[in-house]
Every structure is written in structure tokens, then in C-alpha cells.
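# Topology and contacts: notes
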Amino acid sequence: MQRVRRFTRFRLAPAVYSEARPVEVSAWVVGGEPVPFDEASGQRFEPVRMGMPWGRPWDTVWFDVRGVAPSAWAPEETELVVDLGFTADQPGFQAEATAYRPDGSIVKAIEPLNAWVPLPQSGPFRLLIEAAANPVVQVPYEYEPTLLGDPRTSGDEPRYTLRRLEVARRDLVVWELLQDVYALDGLVGVLPPEGIRRAAIVSALERMVDVMDPDDVPGTAALGREVLAPVLSTKAPASALRVSAVGHAHIDCAWLWPTRETERKVARTFANVLDLIERDPEFVFAASSAQQYAWLKDGQPGLYARVRDAVAAGRIRPVGGMWVESDTNMPGGEALARQFVLGKRFFLEEFGVVSDEVWLPDSFGYSASLPQIATAAGARYFVTQKPSWNETNAIPYSTFLWEGIDGSRIFTHLPPAETYNSDLDGPDLARAERNFSEKGVAHEVLGLFGWGDGGGGPTREMLAMAARKADLDGSPRIRLTDPTSFFRAAEAELPDPPVWVGEMYLELHRGALVSQQKTKRGNRHSEALLRQAELWAATAAILKGATYPTAQLEDAWRTVLLQQFHDILPGTAIAWVHQDAEAGYARVESLLEGLIETALAALTGDGDVPLAANAGPLAQHGVPAMGIGPASAPVPATPRVEDGVWVVEDDRLRVVVDDRGVLVSVRDRVADRELLPEGTAGGVLQLLRDTPREWDAWDINEEDQRSGQELLEPTRVHGDNDAVVVRHNIGKSTVDVRISVVDGHLDLAFDIDWQESQKLLKLAFPLDVRADRAASEIQFGHLHRPIHRNTSWDAARFETVAHRWIHVGEPSWGVAIANDVVYGHDLRTVAAPSGRPMVMARLSLLRAPRYPDPSADQGRHSFTVSLRPGGIPEAVADGYRQQLPPRALHGAPVAPLVVVSNPAAVVEAVKLAEDGSGDLVLRLYEAHGDRCEATVTTSVNWDAVEATDLLECPTGAGAVQRVEPCRVEVSLRPFELLTLRFRAPRAAA
């Protein structure tokens, strides 16, 4: 095989292009952001030669290529071959290009492993090539800080050399022989070394080299194919695994490139796909993310029209039904629902397509709320492969039912090849067969092929591989198909699949819950503003006849949903991406603040009575939920010094702060119980090492948490009106925390100037609670996780997600910890100084990874963390108190549009219907983890009310028990999500 591979590399592959003709090339350097074809084509182009350095980082160079396609060459043989200076070790993450005809229509993309353009007509031709000088930010398995991720620091030196631009003749026989060899060589690497089949293939390949003339490969390639034909025609056994191969190109909406470059990547990929569709009648391509189709529609309408035709013909399948392939850990419940609402609506309106599957191959773990949200959006299937990255444990199933916190189930498949970037070669297929958990009773697996992340999708070489392995001994059978056909076949052969209950926690990339806190704050804040804007705009529209700002709200939602993409919100992209994200959140804030002010002004009028607008689902400060009225805000307790320590207390809580700036007592005065174990300190800041083995911005490794320090020597501790203020200096960083007690809560408000590198800042609370599990808020409910380390699964779950609160409790008493922007938490049982067990609850506030953004997290940050005794209801209330504090204004009080009788039935959204009908839509969920009955009372009349899915279509759900004028009685199961649509609401006479 060494001889065969040497022959293939140095004789066979170079002979694919047997003849070549030069072309004339001239260039125009954009010198900034990309420009449209019409602008570029009218510029002055200067002649260039091969070997020219080109491509300042992130710049674009347009090449004008003119030549002649020889009439003696067959059209299918004639191609323009391009080498922009590619590196051969990866398909993407470097220079790419798009080839245009003179009329501005796109021919095809040019990428490292797909670097040719068809020239189907003989005679003179002209092509314009838009070449993107995307720098190589990622060197495989190196995570060194780089300045290339920010155009302000990436430099001006050219990154590439123009190596090749010529008309070449592709020898079709040599090319087909090369594909034969690749297919067989892939089998040699995975078949049993002692097996007859492997020996037969090796023998055939050796004889192929024997019969060919290395000095005349084109003249002897046909002989080589004849020798290989018998081993290529040997059929697979009837028991062979069946791989449903679906063309795919997981395109990151942003990662090591900004979203503006993704817009071009989308166009390149679809251009490649359309070319393949014309060449192979069986090829089907699946692409997710409505956002990417929207970019194509806006930026490349001609290409988009061709895509629409291909969708209508069934050759391109819009899948997933989400706006983007989002993170599913950190988006709020309503935001995750809107991923489906906007995505499915776009696919239906643009293509008449309803996608049945959720398509998230690369997100960093999967929330236990997702099965309910997905099924409420009409999804039947779920596909991902990311759990295969787990460091410690493997999910024991490939095809199964996934059950969420409310009991919803969705048919799920984890492609056992463990990749969404397959080239269908032997190693990928052998891995699929080896890992397929249900292979004793089933034969169907999904294979996603195509260069992903940013590499351009499927290639003709992959289709050639699929054709050879349709029925080939030694390989699973490949059939080109579509996702729906696969799922139906998988369901049919596995009528009683196993069940996985709860979250699919990714035992990797735990640091993504902490990195780039400014992006995370922007997300949490934007979700709160969107709730307020929709609530008050809907209330003003119904009560006052105001215009509902549909277009502005959708624009804001699109920005927020885009920035929940699984490399943006997790904080794992280059600096440019996060700068764009922060600017996007600023635009959203400006827009939504204006909408909120307009709606509130319409509602309250010109009065001068001091009021508070409470957009939260629970009453606050005497203001009813979702109402506007006079507020009676509680007064914070005044700190005092007693025996050398600071004491802050009200009638429910007594807090003591010592000269180290930490809590030495937090006493529940109602229950007469101390929250902190004797001999411990709470509210302690811990500075830990943060030097991941790899994947810097992504990972937190447990061993780093063995090395660190507690911050117990503050610069100053002093009283300031209603708070004890503690300042710490850490290197060049400062941390100020205001400790106050108000209305039975302990609040810690942090103001941090963070200048650290590769450090992790945690906030620790030891709790005198006997518990073996803790509750964490997730979308539309909460999740209980073990906090011991009985199993490898428990031990691997050392950093977990929670939204606004966590809770640790005994049957009759517990502690709730809420926050305004933190997502990363860790809770575990440890030994107290007494030797008895206690719970250590820690919140991860800040990191400082150096790759891919060396300036990540630098600058000012603020956090508010609150602690109080109580149960799950108190935790829920505190979470909303943190996210949706009442808004001060003046005017006349306004009664809530909607009132819910039971605090366990929490309203998550109040809005007008997506279809523009003016119907009122209310989304609520059971929040306490128990069954509940509730009465929903409206302050307006309506013609009818019905339960709907997330797309606001009637479902006939049984949650609605009784309907009366202005009243609906509902019955909810634990964590049940319910959407109610009130037809033709109008203010009462």
C-alpha cells in the first residue's frame, strides 16, 4: 500500500488535469468591506501574474480572468482551475472565492478542496472572481492568541500567494480511476488486516499500479480501471448497515469570521450545491437556519431564485425550522420558542415547507426543555452528533426517544459516524457501524456529508464515493436520500425505541457558559426588553387602539435570535464577532426602549402621579403583575457596626460582614435558622487558574480549580448609606461589591473592572442544607441535578447552566440564589468544618480566555446576585425580580390586560398574533414542577379562545377546562407550556 499511495499521490492525482492553457488575469483590490458585483465590475483592474502576493487580512480582491476554452476539449472536461494559495490540511478557514459571469450571475464557489469552475462552452470566456482573504485564525490543535480576529489588529501584510489560474482539461478516465482508488484505499484502512476482502483489494490495487505506465497515466488509466472493476463490483451482504446520506454544510453564522463573511459563505455553498444538483439526479441537500436563506434572499436574489426552484423540486430541503442553529442552554424560554416561530414561518412563507425535524448538530449541549418546545412547534424528529464529543461518558443510544421535563418526547438520532463533515470515506462509515448502538435490531443510520463550519458543503468527489459504495462489499450501503425519508425508515424499524430522560449535557465546552460576559448580558437584557416591548405594545394596541409595531419587533427578534447562534452567545468567536454582537444589542436596546416609552405613554397619558410599570409575571412592590400602578418600594436596611463587624438586617434576614469583606452569618429570622455552616464564610470571591488543555474560550477543566485563592484581604470595607461596600484589588483589576438587605433578600451588586488573563472568578456560598440534588432554572421550568459524585456522569457535570436562579433545599426549608446575568454554576456536596456535609454553591462570574479573542472579557462588568431563604416559588419570583424590575414613570394607573390567579402558572409572553390579525396571544407555563389549576382573567372581551401550538395554530389541547366571558380556566401538568389565542380582543365598552 505504500507503493500504491505513492503512485496515487505523485502520478495519478497530478494526471487528472492532463493539459492546460494560460489565461489573462487582472485584479482590483477592494481595500475594505466587500462590495456588490455591480460596483466591483466597473472598477479599473490592473494586470497580475502568478506568484503575486495578495490578500490583506479580511480584504477582498476581485480577479478578472479572460481566456479561451479549446473547442477540441469536451465541455465536461474543460475547467478553470484555481489555487489562491490554499493550505491542504483543512477545507475551510482560509481564502475562498466566488466566480461570476459578466452578467453578475454566480457560477460556483472556489474553495481549498473544490477549486475548479466549469467552462461548458468553447471559445473566449470572461469570469470575475471575488476572492476573500479570510486569514487562517485556527491552526489545528493550536490555541495561541491571535490578532487576526480583529481587523484593527490583523495587519496589512498579504496572507496568500496566487499560485494557479488556468484553463485545464480534466481527464475523466483518470479522475474516475482516482475515485476508485480513494474508495478502495479507504476500505483497506478499516477492514480486518487478516481478512480475505482486504487482501483482494490490496492485490487489485497493486495490479493496477503494475499495468499502468507511470509516464503515460492518461493512456493506461482505462487498464487500471479494468483491474479494479471486479473488487468494486462485489456486493455488500444483506445484513450491511444502511447509511442514508444527506448532503449537508453546517455553516456557522459566525465563528472565526464575522456574519458579513457568512453571508458570502452561504452564497458560495448554495452555488456549489446547485452545480452538483445538475450533475447528479439523486443528490439531495439539507440546509438549516432561516437566517441564512434570508441573507441569500437579500444579498443574492438571482441565486436565491434558483434555490427556491431547487426547494420546489425537492432537491434542497430546508431543515430544522429554527432561525439559526442556536445555543440551547442560555436562550430564555420565549427566545428559544421564537427560534422556531420565526424559522418555521420563514420556511412556510418562502417555500411552502414545514420542516419536521430539529437540526442542531453542533450546539454545546441540549436543554431538557427542548423536547417540549420543539414538539410545540410541530417537530417530530431531532438530530445532533455533538454528544459524541463527551470527554467521559457516551450516551448509550443512537436512535431513541428524548423526553423533556414536562414528559414530551421527540424521536432522536445521533449519527454514529460522529461527524457532520463526512466525506463518506471508509473511516467515517466504519465508525458509524462500530458505534451504532441499535445495530442488533436496526440497520438505518443518517450520514451527513459535506465540508462544514465554513468549508463549502458537498463535492463531486463525495458523490463519486457514494456511488461506489451504494452496494460494495466491506462497506455499509449508501443511498442518497433526504432527512424525512431516513427518519420514517428509522421509525418503522424501531417501533419501541429506548428513552433518554432529561438534558443532553455536553461533557465539554463548559466554559462557554461564562466566556464573553458582555455578549451574555446583552442577550439577557434584550430578552427582558423584548418581553416589555411586546407586553406594553399589545396592551396599548388593545386598550388604546395604538399601532402594534410588528416590523420593529421582528427586526429586534431577528437580531437577538441571530446572536444566540452557538458560537456567538457562548462567547467562542473572534473579537470582531463579539464587537458586532455588542453593537447589535445596543441597536436593539435603542429600538425597544423607544417602543416601550411610546406604548407606556399611550397607556398612562399625561398625568403626574408617580407609577411603576411591572412587566413581570408576579406582583412587585404593590404593583400587580403586568400592570401599571403606584409602587411602595421597600426601604433597604441601614448597616451598623457591632463588635467590629458590619450588621445589616430587616425583619426577615440578619447579615453579618467581617473585615475580610465576606459574610460570616446570614440568619433567617423567620425560621430562626442560619444559612451558613459554622466556621465558613459566604459571598467569597475565588480566583482560579483557567488554562484549558485545548479550546480556550470553550473549556473549563476541573483540574484548574485545584489551583486558586480566596479573596480575603480587601483594600477597604466601609458603609455607604444602605450598603456595606467591599473593594478588592486583583493585579490590575478592581472588584467593588455593595452588600445590602432589602425586603428579606441579601443583594450583592458587583462592579468589576476586569483586566485578568486566564483566570476564572467565582462567587461561593457554603449552605447549611442537607441535600443530594439542586434545582436550576431552565426554559419554562427547572431541572434537578445530583450534586454528589456517585457516578462518572455526576462527576463530569461539574459546571452547569442555570438561568435566573438556583435552589437548594430540604423538604421544609431551602435557599434560593438569583442573578441578573450569570449562566455558569457549580454545586456540590462537600464537608463542612464540623465534618458534616454542606452544599457549596458557586456562580461563575468572569473568565479571560485568550483564544480566539485575546481581549475577551476585558473591561467593566456588573452583576447582581441575591440570596434568600425560601422554596421554588420564591426562587422563581426572585429570578423575575432580577430580570424585570419595575420601571418608574408618571401618569394614570392601568389595570393588567391579563391576570392569572395562581402564581405557579407564569406568563412568559403577551403579544399580538404573528399573522397580523390583532388576536391576543398569551404564553404561560407551570413553573413549580407540580400540577396546577389557574384562572386567566382578561380585562377585555373576545369572541373565542383556543389553545394553540407555538405557531398559533389550534391544537385542541386539553389544558383549557372551562371558558366564560373574560375568563379561562386551565389545568397544567408539571412544566406544561400553554399558548392561548384570544380571537378579536377589544376593550370593554
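Report on the accompanying structure. All residue numbers refer to position in the chain's written sequence, counted from 1. In keeping with the predicted nature of the model, local features appear solely for residues at pLDDT of at least 70, side-chain atom pairs appear and are counted solely at 80 or more, and the whole-chain, interface and lining totals rest on all residues. Excluded from the side-chain calculation are hydrogens and water; included are all heavy atoms of the structure.

### Quick word on the overall build of the protein
Worth spelling out the cut-off: The helix and strand labels rest on DSSP assignments: H or I over at least four residues marks a helix, E over at least two residues marks a strand, and numbering proceeds from the N terminus. Only protein chains enter the accessibility calculation, which uses a 1.4 Å probe. A residue is then buried if its area is under 20% of the maximum for its type, exposed if over 50%, and partly exposed in between. Contacts between residues were defined by any pair of non-hydrogen atoms, one from each residue, lying within 4.5 Å. Residue burial considers only the protein chains on display, and all accessible areas are found by Shrake-Rupley using a 1.4 Å probe. Charge assignment in this entry is limited to Lys and Arg as positive and Asp and Glu as negative, and neither His nor the chain termini are counted. For charged residues, the charge sits on one atom: NZ in Lys, CZ in Arg, CG in Asp, CD in Glu.
Within the protein, the secondary structure is distributed over 18 helices and 55 strands. In terms of its C-alpha atoms, the protein occupies a principal-axis envelope of roughly 95 × 70 × 60 Å. Here the protein, with 989 residues, has 62% of them falling under the buried criterion. Considering only contacts within the protein whose residues lie at least 6 apart along the sequence, 74% involve residues at least 24 apart. Carbon and sulfur atoms provide 49% of the accessible area of the protein, an area that totals close to 35,700 Å². Considering the protein, the positive charge centre built from 99 side chains and the negative charge centre built from 137 side chains are found 2 Å apart.

### Things to note about the sheet that holds strand E12 (residues 164–170)
Quick reminder of the rule: Strand pairing follows a simple DSSP-based rule, namely that at least 2 bridges must link the two strands. A fitted line through C-alpha atoms represents every axis, and for helices the fit uses only the stretch in contact; the resulting angles, taken between N-to-C directions, go from 0 to 180 degrees.
On the basis of which strands lie adjacent, the open sheet formed by 4 strands has the order E1-E12-E6-E9 and antiparallel pairing. The open sheet has two edge strands with one neighbour each: strand E1 (17–22) and strand E9 (116–118). Mean inter-strand twist for the sheet, computed between neighbouring axes without regard to direction, equals 35 degrees. Inspection of the sheet shows strand E6 (residues 78–83) paired to E9 by 3 bridges, in the antiparallel sense. The residue of E9 that forms the bridge with Leu 80 is Val 117.

### With respect to the pairing of strand E43 (residues 837–846)
Counting buried positions along E43 yields 9 of 10 residues, so the element is predominantly enclosed. With 7 bridges joining them, strand E36 (residues 759–767) and E43 adopt antiparallel strand pairing. In the strand pairing of E43, Leu 761 is matched with Leu 846. Sheet analysis places strand E42 (residues 824–831) next to E43, joined by 7 bridges and oriented antiparallel. Looking across to E43, one finds that Arg 828 is bridged to Met 840.

### Thoughts on helix H5 (residues 217–232)
Applicable threshold: Note that the bend at a residue is defined as the angle between axes fitted to the seven residues ending at it and the seven residues starting at it. For the purposes of these results, a polar contact is taken to be a pair of N or O atoms within 3.5 Å, where, inside protein, one atom must be able to donate a hydrogen and its partner to accept one; residues adjacent in sequence count only when each atom of the pair is a side-chain atom.
Approximately 25 degrees is the largest bend angle found in H5, and it occurs at Glu 226, with the proline Pro 230 only one to four residues beyond. Among the residues of H5, Val 217, Thr 220, Ala 221, Gly 224, Val 227, Leu 228, Val 231 and Leu 232 are the ones counted as buried. At the N-terminal boundary of H5, the capping side chain belongs to Asp 216, with an oxygen 3.0 Å from the backbone nitrogen of Gly 219.

### Observations regarding the pattern of salt bridges
Where charged atoms from two side chains of opposite charge approach closely, those side chains can pair. We count it as follows: Within this document, salt bridges are pairs made up of a side-chain nitrogen of Lys or Arg and a carboxyl oxygen of Asp or Glu, the two lying within 4 Å of each other.
Applying the stated rule across the entire model yields 90 salt bridges. Its salt-bridge partner being Asp 185, residue Arg 5 comes within 2.7 Å of it at the nearest N-O pair. Linking Arg 5 in helix H1 (residues 2–12) with Asp 185 in helix H3 (residues 172–188), this pair joins segments that are 180 residues apart in sequence. Residue classification places Asp 185 among the buried positions, given a relative accessible area of 18%.

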